[in-house]
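In case you want the letters, here they are:
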Amino acid sequence: MSNPELVKSIKKKFIELFKEKPCLYSSPGRINLIGEHTDYNMGFVLPAAIDKAIYLAISPRKDLQCKIFAYDLNDYFECSLEKISKSEKHWQNYLLGVVDQIRKAGYKYSGFNCVFGGDIPIGAGLSSSAALEAGLAFALNKIFDLGIDNLSLVKMSQKAENEFVGVNCGIMDQHINIFGKEGKVLRLDCRNLEYEYFPFDFENISIVLFDTNISHSLASSEYNTRREECNTGVQIIKNDFPFVESLRDVSQDILSGYKSKMSPTIFKRCKYVIEENIRVLRACEALNKKDLRVFGELINESHEGLSNEYEVSCTELDFLAEVSKYNSKVYGSRMMGGGFGGCTINLIETKAVEKVSEEVQKQYKKKFGNEVKVYNTQIGNGTKQMEYEDETY
Ligand code: GLA
């Protein structure tokens, strides 16, 4: 466990507030090695859970009240299961959305007490929101013994975000939150939800995130615009190829016939997605062959596509990816997640991490007058109940 002190404080706060001992759950953030903006296009992604998490201390109540304390925000709210509605406070909607989904699915349960907090940087593109949603769904399923299977928990958490929070995200973040495995990346086929684990064990290579520390306001509006653009592409192609339901069904060959039949923007978006899917499959082959060079090149190509064709990068992310590209100790670097801010993901020779990070920080500061945060990341397990000996935390 990566943050025993924090867990101890959360548990202590819970006991102070509710005068009983809680069950503890850890719910991780995620990285994505390759396969960006492909999940809602029914394509492939290659994420992994990380060693940063949201920790939930929770216990069932006998009445219908839900009493929730956000440790990091020092903020508290209460609601009744009889009347779940959206809150003015953004963070509450992640939880209310999950409670709402489980109720809607017909599961009967009572209220609960909860204190949660974590060390996933918020707004950095590491999916703290999915961690909160899926973490709560997982915990409620356990403490009330609801018998919901893992995939349904994933889908309910995604729906909570779509319907309650109002972000039309794909399934990647919630899926890896529940299914993540230590030391492994997971290739998910977002069309049929089949998945396979691949060991990520390049010797002497570290996964390092460089956080731009910015989040442009474009992020959510442009995310939805990209979804619509991809959909427009699909509709145009579907006129001639009725079997096409998503860009996943479109080959490079088919798309090549549409250069003059769709706007250059729509064409670029489709081209990126189709190529990114191919890159994910090639990246998995490279993992099997332990071919770090090819794996890294694919990551670099992914960034090019995201920046030039999908146009979800920004000056700061491009700068970080560019700086790393010319460093022989960095094997691959690209923006990660939705874009317009957040982190780049970098594969760096372990011995050189400190030096490379310092250099990147120096150059970024010089160019933007801003700090880069560095997260040296381990691949961890998905959401799980934490076993604790009473006095451990
Ligand atoms: C966000 C969404 C995911 C996915 C990525 C882009 O993280 O929540 O569903 O679409 O952006 O790959």
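Residues numbered from 1 in each chain as written. Predicted model: local features only at pLDDT ≥ 70, side-chain atom pairs only at ≥ 80, totals over all residues. Heavy atoms only, no water.

A. Fine view of the domain arrangement of the protein chain. Here the protein chain is described as being made up of domain 1 (4–201 + 380–386) and domain 2 (205–377). When each unit is reduced to the centre of its C-alpha atoms, the spacing between domain 1 and domain 2 is 26 Å. Counting from both sides, the interface comprises 36 residues of domain 1 and, opposite them, 44 residues of domain 2. Joining domain 1 to domain 2, the criterion identifies four salt bridges. Asp201 is the partner of Lys290 in a salt bridge, and the nearest nitrogen-oxygen pair spans 2.8 Å. In this structure, the connection of domain 1 to domain 2 is made through 17 residue pairs in polar contact (both at pLDDT 80 or more). For the side of domain 1 that touches domain 2, the elements supplying multiple residues, two or more each, are β1 (23–32), β2 (44–45), β3 (47–60), β7 (184–189) and β8 (195–199). Residue composition of the side of domain 1 that touches domain 2, by class: 17 nonpolar, 10 polar and nine charged. (Domains from an automatic or database assignment. Contact = heavy atoms within 4.5 Å. Salt bridge = Lys/Arg side-chain N within 4 Å of Asp/Glu carboxyl O. Polar contact = N/O pair within 3.5 Å; in protein donor to acceptor, adjacent residues only side chain to side chain. Helix = DSSP H or I, 4+ residues; strand = E, 2+ residues; numbered from the N terminus. Nonpolar A, V, L, I, M, F, W, Y, C, P; charged D, E, K, R; others polar.)

B. Looking closely at the sheet that holds strand β13 (residues 384–386). If you walk across this open sheet you meet the six strands as β5-β4-β6-β3-β1-β13, and the pairing is mixed. In the strand order of this sheet, the two ends are held by β5 (75–80) and β13, each with one partner. With direction set aside, neighbouring strand axes in the sheet form an average angle of 25°. As paired strands, strand β4 (residues 65–70) and β5 are joined by six bridges and run antiparallel to one another. When the sheet's bridge partners are listed, Ala70 is paired in β5 with Asp75. On the sheet, helix α1 (residues 4–18) packs against β1, β3, β4, β6 (112–118) and β13 and is oriented at approximately 155° with respect to β6. Strands in contact with helix α5 (residues 172–179) are β1 and β3; relative to β1, the strand with the most contacts, it is inclined by about 130°. (Pairing = 2+ DSSP bridges. Axes fitted to C-alpha atoms, helices over the stretch in contact; angles between N-to-C directions.)

C. Representation of the sheet that holds strand β10 (residues 330–335). Pairing is antiparallel in the open sheet, where four strands are placed in the order β10-β11-β9-β12. Each edge of the open sheet is held by one strand with a lone partner, namely β10 and β12 (373–377). This sheet shows a mean twist of 20° between the axes of neighbouring strands, independent of strand direction. The strands touched by helix α9 (residues 292–309) are β9 (205–215), β10 and β11 (341–349); relative to β10, the strand with the most contacts, the crossing angle is about 25°. Of the strands in this sheet, β9, β10 and β11 are in contact with helix α10 (residues 315–325), which crosses β11 at around 5°.

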